[in-house]
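For reference, the chains in residue letters:
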Amino acid sequence: MLGGGPAGSGAGRLLATWGHAVRLVTRAPADARLAVSLPPSCHKLFDAIGVRDAIERAGFVRSTGHTVWWGSRDPRVEMFAGGARGWQADTHVLEAVMLEQAAAAGVTIESRGGSLDPPSLDPPSSDPPVSFTLDCTGRSGLLARAKALRTYDDGPRTIALVASWRRDSPWPVPDDTHTLIESYQSGWAWSVPVAGGTRHVAVMVDPQRSGLARGSSAREVYLAEIAKTSVFAGLIRDAAFADGPWGWDASTYRADRYAGDDWLLVGDAGSFIDPLSSAGVKKALASGWLAAIVTHTCLVRPEMRRHALDFFTARETEIEAAHAKASRRFLAAAAPSHAHPFWSERAEEGALDDDETTPLRAAFEQLRQAPSVNFRADPALRVEPRAAVSGREVVLEPRIV
Ligand SMILES: Cc1cc2nc3c(=O)[nH]c(=O)nc-3n(C[C@H](O)[C@H](O)[C@H](O)COP(=O)(O)OP(=O)(O)OC[C@H]3O[C@@H](n4cnc5c(N)ncnc54)[C@H](O)[C@@H]3O)c2cc1C
């Protein structure tokens, strides 16, 4: 296992729990900090990986939703459905908690000061392979890059400049547990509360257009961009600058393939989705969970190896594509309010109309309202075995195709 973020420690913990010998090699976190917002639905993955109690004990701020100024000066307060609560997590703390849980399950963890060398690309030593390498190194993508599988999206890159700010009195927002998001002329800004009156406040900027590429300092660019916002500029006015800004590359990418005979690209090592979605950690946890199931299947049921590996690539491809499409729609929604290349270069024409679920929902509604329905099998329907997850294995199940 390479890398000890949510994907690596989640996959490692599951594999160790299922009786496999797991060695996880990672590096100590960098100084840069990042607070991320996790939706309530992560609880299913925390449960599946067996870390829910440890996450609850970690004392993360529990969020009730987000407050958004997206293409508008009026806030949209969005609460999570059914009163559910998400987590606002400092990634260093999340990583430490999950690594500890992986170690408790029997994973051997080696944390090195520097970077690892790219892994060897030798063909598997046995057929079928008896060991697997899971690349969980996030954006570093040690194996993904060594195998030249990474594809960056066409179009401009995006850098996040993140700083932490503190207030002694409550932040002047509708709900201080919320993630805040504001679109502005040349980017968008977000803020996540961490603890004790501290918030991470970030701007997402284009490195070419913001002056970063012309040599301006990160701090100059950060403050100049925040000054262009309407709401965030007011938010930090009475707050004390605590630390940062730290730069994070937030440009999106995907892989041409996510699995090979004895390797998998897991979490951000495979693909990176726009942070707008607040779904990166959830995607990494789900990817780690599935990677553990696929690895386990390959090792204990070699006859299912090809199905399991293809299933992994298909699922990771599908999930990345769905997120990319949702982000294009979200960016297109704010673009008309901001006449700036940041937006015109990122908002794809037609993205807002490109919702293939609309006709499906209309058809479903028609069915729902019909006084009675007669079902008959279309002659083209067949029942065929298809890969699916059952417990901790990938199995073949009859599916209508
Ligand atoms: C600006 C920004 C904002 C974000 N906001 C959110 C958000 O609000 N909500 C959300 O869910 N997600 C968010 N994300 C995404 C989220 O942080 C990632 O999707 C998630 O952390 C991916 O988990 P991972 O385990 O795949 O990779 P990572 O968390 O990146 O973990 C990679 C691991 O590999 C190790 N590693 C890396 N390189 C090497 C090397 N060369 N040698 C050895 N070890 C190595 C690292 O130390 C680390 O342990 C955001 C990301 C960014 C950049």
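Going by the structure above, here's the rest.
Residues numbered from 1 in each chain as written. Predicted model: local features only at pLDDT ≥ 70, side-chain atom pairs only at ≥ 80, totals over all residues.

### Considerations on the sheet that holds strand 16 (residues 259-260)
Going by this rule: Strand pairing is defined by DSSP finding a minimum of two bridges between the two strands. Helix and strand assignments come from DSSP, with helices taken as H or I runs of at least 4 residues and strands as E runs of at least 2, each series counted from the N terminus.
The strand order across the open sheet built from 3 strands is 8-17-16, with neighbouring strands paired in mixed fashion. Here the strands that pair on one side only, and so sit at the sheet edges, are strand 8 (133-135) and strand 16. Pairing geometry for strand 8 and strand 17 (residues 263-265), over 3 bridges, is parallel. Bridging from a neighbouring strand, Thr133 pairs with Trp263 of strand 17.

### So, helix 6 (residues 218-228)
What counts, and what does not: The exposure label follows from counting other C-beta atoms within 10 Å of a residue's C-beta, where the C-beta atoms are placed from the backbone and the thresholds are 20 or more for buried and 12 or fewer for exposed, leaving partly exposed in between. As used here, the arc belongs to the directions running from the helix axis to the C-beta atoms. We call two residues in contact when the distance between their C-beta atoms, placed using the backbone, is within 7 Å.
For helix 6, the full list of buried residues reads Val221, Tyr222, Glu225 and Ile226. One face of helix 6 carries all of its buried residues, which in axial projection span an arc of 130 degrees. For helix 6, the secondary structure elements touched by its buried residues are strand 10 (159-166), strand 12 (187-193), strand 13 (198-205), helix 7 (231-237) and strand 14 (240-249).

### Examining the pairing of strand 5 (residues 76-79)
Of the pairings in the sheet, the one linking strand 4 (residues 65-69) to strand 5 comprises 4 bridges and is antiparallel in character. Paired with His66 across the two strands is Glu78, which belongs to strand 5. Hairpin remark: strand 4 followed by strand 5, antiparallel, with 6 residues in the connecting loop; positive phi at Gly71, about 70 degrees.

### Brief notes about the site of the ligand
Which entries qualify depends on this criterion: For each residue, a C-beta atom is positioned from the backbone; the residue is called near a molecule or strand if that atom sits within 6 Å of it. Here the term charged refers only to Asp, Glu, Lys and Arg, the term nonpolar to Ala, Val, Leu, Ile, Met, Phe, Trp, Tyr, Cys and Pro, and the term polar to all other amino acids, Gly among them.
In the region of the ligand, 34 residues are neighbours, and Gly3, Gly5, Gly138, Gly267 and Gly280 sit closest. For the shell around the ligand, the element with the highest residue contribution is helix 8 (residues 280-300), accounting for 4 residues. Within the shell around the ligand, the residues separate by chemical class into 16 nonpolar, 14 polar and 4 charged.

### Notes on the packing of helix 2 (residues 42-49) against helix 8
In plain terms, the rule: Axis lines are fitted to C-alpha atoms, over the contacting stretch for helices. Their N-to-C directions set the angle, which ranges from 0 to 180 degrees. The hand of a helix crossing depends on one turn: near helix anticlockwise from the far one by less than a right angle means left-handed, and clockwise means right-handed.
Where helix 2 meets helix 8, the axes come as close as 10 Å, and the angle between the chain directions of the two elements is 35 degrees. The element helix 2 and its partner helix 8 pack so that their crossing is left-handed. Across the interface between the two elements, Cys42, Leu45, Ala48 and Ile49 from helix 2 touch Val281, Lys282, Leu285, Ala286 and Trp289 from helix 8. Looking at the contact of helix 2 with helix 8 residue by residue, the class counts come to 8 nonpolar, no polar and 1 charged.

### Here's the deal with the sheet that holds strand 4
Strand pairs in the sheet, formed through backbone hydrogen bonds, run parallel or antiparallel to each other. Strand order in this open sheet of 7 strands is 5-4-11-12-13-10-14, and the pairing throughout is mixed. One side of each edge strand has no neighbouring strand; the edge strands of this open sheet are strand 5 and strand 14. With direction set aside, neighbouring strand axes in the sheet form an average angle of 15 degrees. Note: strand 11 (residues 179-184) against strand 12, 5 bridges, orientation antiparallel. The residue bridging Ile181 from the neighbouring strand is Trp190, located in strand 12.

### A word on the environment of Arg62
Relative to the helices and strands, Arg62 resides in strand 3 (residues 61-63). The exposure class of Arg62 is partly exposed, given the 13 C-beta atoms found within 10 Å. Once residues within four sequence positions are removed from consideration, Arg62 is found in contact with Arg85, Trp87 and Thr177.

### A few points about the nonpolar core
Rules: Joining buried Ala, Val, Leu, Ile, Met, Phe, Trp, Tyr and Cys residues through C-beta atoms within 7 Å gives a set, and that set is a nonpolar core.
Ranked by size, the top nonpolar core spans 87 residues in total, and within it Ala11, Leu264, Val294 and Phe312 carry the most contacts. Of all the elements, helix 8 adds the most residues to this core, at 12 residues. Here Ala11 is in contact with Met1, Leu134, Cys136, Val266, Gly288, Ala291 and Ala292, once residues within four sequence places are set aside. Core analysis: the next-biggest nonpolar cluster, separate from the first, contains 9 residues, Ala334, Ala335, Phe342 and Ala347 among them.

### Considerations on the environment of Trp171
In this fold, Trp171 is placed in the loop between strand 10 and strand 11. For the pair formed by Trp171 and Gly19, sequence separation is 152 residues and the distance between their alpha carbons is 48 Å. Aside from chain neighbours lying at most four places away, what touches Trp171 is Asp176, Arg199 and Leu235.

### A closer look at the environment of Glu303
Locating Glu303 in the fold gives a position in the loop between helix 8 and helix 9 (305-334). Separated by 175 residues in the primary sequence, Glu303 and Pro128 place their C-alpha atoms 9.1 Å from one another.

### Quick look at the pairing of strand 11
The element strand 11 is largely enclosed, with a buried count of 6 among its 6 residues. Along strand 11, one buried face is formed by Thr179, Ile181 and Ser183 and the opposite face, lined by Leu180, Glu182 and Tyr184, is buried too. Here strand 4 runs beside strand 11; their pairing, made up of 4 bridges, is parallel. If you follow His66 over to strand 11, its bridge partner there is Thr179. Two successive antiparallel strands, strand 11 and strand 12, enclose a turn made up of 2 residues.

### Considering unusual backbone geometry
A cis amide bond, omega -5 degrees, links Gly244 with the succeeding residue Pro245. Looking at the element boundaries, Pro245 is found in strand 14. With a phi angle near 55 degrees, Ala148 is a residue other than glycine that sits in the positive phi range. As for its position among the elements, Ala148 is in the loop between helix 5 (142-146) and strand 9 (150-152). With a phi close to 50 degrees, Ser278 is a non-glycine residue in the positive phi region. Checked against the element boundaries, Ser278 lands in the loop between strand 17 and helix 8. Given 20 C-beta atoms within 10 Å, Ser278 falls into the buried group.

Remember, this is a structural readout, not a statement about activity or role.
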